[in-house]
Amino acid sequence: MSVPPDETLLPRLRAGDDDAFALVLDAWSAGMLRLARVYVSTPESAAEVVQETWLAVIAGLDGFAGRSSLRTWVYRILINTAKRRGGRESRTVPLSSLGPTVDPAAFAGPGEPFSGHWRELPAPWPTPEQHTLSAEVRDRIATALAGLPERQRAVLVLRDVQGHTSAEVCAILELSAANQRVLLHRARAAVRAELATYFAAAGEGRPR
Amino acid sequence: MSELRCEQFVELVTEFLDGALDPRAEREFVDHLAECDGCGRYLDQVRTTVSALGELPEDHLPEPARATLLSAFRKKSGRDA
């Protein structure tokens, strides 16, 4: 069952409709667990963060002013809760200081023929035989995700893992559209590079 | 070759996929794509990466936590009092 729009959902929740609460709890908790993992290191603490968030949501429902969507509001509570618990110094990299997302050695240098163009085409990837990802590919993606700076990881999880729109992600993380896109771009390029390394090694029949 | 260099193309991929390039930049991007196998492959690999990310398995809230939350909701709305 899909979650109804806020204008139907909110009055039901405020009226104590527990079917409505069970619906959002089941629909949103998986995404919340994943987002919590950006800020805390274990699945157990992520589950605690999600539980604490829902308790705050239950307590705060009557005071919710509706300036954002309900889900955005819930996600913001989640992020604050997770950051408080994570207690990690967030690794914020100034966007202006970031270099190219593809190793410059992949392109011909200045003064060479076809400067700025591929030296060699990116190596082809195997076409997946089924739609499900192999466990190894999934592990590599998880490793790449874990290695990303916090803000890149949050954007990538929301946009590509969970499929939120750019506008939703900007609202949840309180980012400008341009910054959101820079973070997404860098994060995607890093995961693509990790997969490229993996497929290159697998193709040569040796682990790297 | 179009005026766009491959090293510039790869930095525009996300804007292109979001439909955020201005019309002129988008035309240059597509012109380059039509002529360059390497960049076509790069764009496909980014698309593959995005769809692989969307297929990662979901975590679930442990059942006891779910039950605790449902009962907290009922208590708040006074039904369980």
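Please read these numbers as outputs of a predicted model, since none were measured by experiment.

Novice: What's the story with the overall build of chain A in this structure? I'm lost.
Specialist: Within chain A, the secondary structure is distributed over eight helices and zero strands. Ordered by position in the sequence, the α and β elements of chain A form the string α-α-α-α-α-α-α-α. Split into buried and exposed, the 208 residues of chain A put 48% on the buried side. Sequence separation of 24 or more characterises 62% of the internal contacts of chain A that already satisfy a separation of 6 or more. Carbon together with sulfur atoms contributes 53% to the accessible area of chain A, which is approximately 10600 Å² in total.

Novice: Just checking my understanding: could you explain the packing of helix α2 (residues 18–39) of chain A against helix α4 (residues 70–86) of chain A for this structure?
Specialist: Residue and element names in this part refer to chain A. For the pair α2 and α4, interaxial distance at closest approach is 9 Å and the crossing angle is 35°. Handedness of the α2/α4 crossing: right-handed. Counting all contacts with α2, which are made through Ala27, Trp28, Gly31, Met32, Leu35, Ala36 and Tyr39, the residues of α4 involved are Leu70, Arg71, Val74, Tyr75, Leu78, Ile79, Ala82, Lys83 and Gly86. When the residues that make up the contact of α2 with α4 are grouped by side-chain class, the tally is 12 nonpolar, two polar and two charged.

Novice: Quick question: what am I supposed to make of the confidence of the model for chain B here?
Specialist: Detailed reading of predicted coordinates is not advised where the pLDDT is low. Model confidence for chain B is summarised by a mean pLDDT of 92, while 94% of its residues fall at 70 or above. Confidence, expressed as mean pLDDT per element, reaches its minimum in chain B at helix α5 (residues 63–76) of chain B with 95 and its maximum at helix α2 (residues 13–17) of chain B with 97.

Novice: How do you make sense of the interface of chain B and chain A when you look at a structure like this?
Specialist: Reports often express the size of an interface as the amount of accessible area lost when the parts come together. On the side of chain A, 53 residues touch chain B, which itself brings 48 residues to the contact. Here chain B meets chain A over a buried area of about 4500 Å², counting both sides, of which 65% is carbon and sulfur. Considering only the side of chain B, the residues that lose the most area to chain A are Leu53, Leu69 and Phe73 of chain B, jointly responsible for 15% of the buried surface there. Summed over the shared surface of chain B and chain A, the number is five salt bridges. The shortest N-O distance in the salt bridge between arginine 74 of chain B and aspartate 18 of chain A comes to 2.6 Å.

Novice: Would you take a moment to explain the side chain of arginine 188 of chain A for this structure?
Specialist: In this fold, arginine 188 of chain A is placed in helix α8 (residues 177–203). The exposure class assigned to arginine 188 of chain A is buried, which follows from its relative accessible area of 5%. A polar contact is formed between the side chain of arginine 188 of chain A and the side chain of aspartate 160 of chain A, at a distance of 2.7 Å. Dropping the residues within four chain positions of it, arginine 188 of chain A is found in contact with Leu156, Arg159 and Asp160 of chain A together with Thr14, Leu17, Val46, Thr49 and Val50 of chain B.

Novice: I tried to follow unusual backbone geometry on my own but got confused; where do I start?
Specialist: Apart from glycine, the bulk of residues carry a negative phi angle, and the bulk of peptide bonds sit in the trans form. All names here are of chain A. With a phi angle near 55°, phenylalanine 114 is a residue other than glycine that sits in the positive phi range. In this fold, phenylalanine 114 is placed in the loop between α4 and α5 (135–146). Owing to a relative accessible area of 60%, phenylalanine 114 belongs among the exposed residues under this scheme. Positive phi is not limited to glycine here, since glutamate 174 has a value of about 55°. Along the polypeptide, glutamate 174 turns up in the loop between α7 (166–173) and α8.

Novice: What am I meant to see in empty space enclosed by the protein here?
Specialist: Any empty space left between atoms is shown by rolling a water-sized probe over those atoms. For the coordinates displayed, the defined rule picks out two cavities of 30 Å³ or more. Empty space within the second largest cavity amounts to approximately 30 Å³. Lining the second largest cavity are His185, Arg188 and Ala189 of chain A together with Val10, Val13, Thr14, Tyr42 and Val46 of chain B. Among the elements that make up the lining of the second largest cavity, the one with the highest residue count is α8 of chain A (three residues).

About the cut-offs
Residues numbered from 1 in each chain as written. Chains lettered and ligands numbered in written order. Predicted model: local features only at pLDDT ≥ 70, side-chain atom pairs only at ≥ 80, totals over all residues. Heavy atoms only, no water. Helix = DSSP H or I, 4+ residues; strand = E, 2+ residues; numbered from the N terminus. Buried < 20%, exposed > 50% of the residue type's maximum accessible area, 1.4 Å probe, protein only. Contact = heavy atoms within 4.5 Å. Areas by Shrake-Rupley, 256 points an atom, 1.4 Å probe, with all protein chains shown as cover. Axes fitted to C-alpha atoms, helices over the stretch in contact; angles between N-to-C directions. Left-handed = near helix turned anticlockwise from the far one by under 90°. Nonpolar A, V, L, I, M, F, W, Y, C, P; charged D, E, K, R; others polar. pLDDT = per-residue confidence, 0-100. Buried area = accessible area lost by both parts, 1.4 Å probe. Salt bridge = Lys/Arg side-chain N within 4 Å of Asp/Glu carboxyl O. Polar contact = N/O pair within 3.5 Å; in protein donor to acceptor, adjacent residues only side chain to side chain. 1 Å grid on protein atoms, 1.4 Å probe; cavity = no way out; pocket = protein on both sides within 12 Å on 5 of 7 lines; lining within 4 Å. Points joined across faces, edges and corners; volume = space filled by probe spheres on them.

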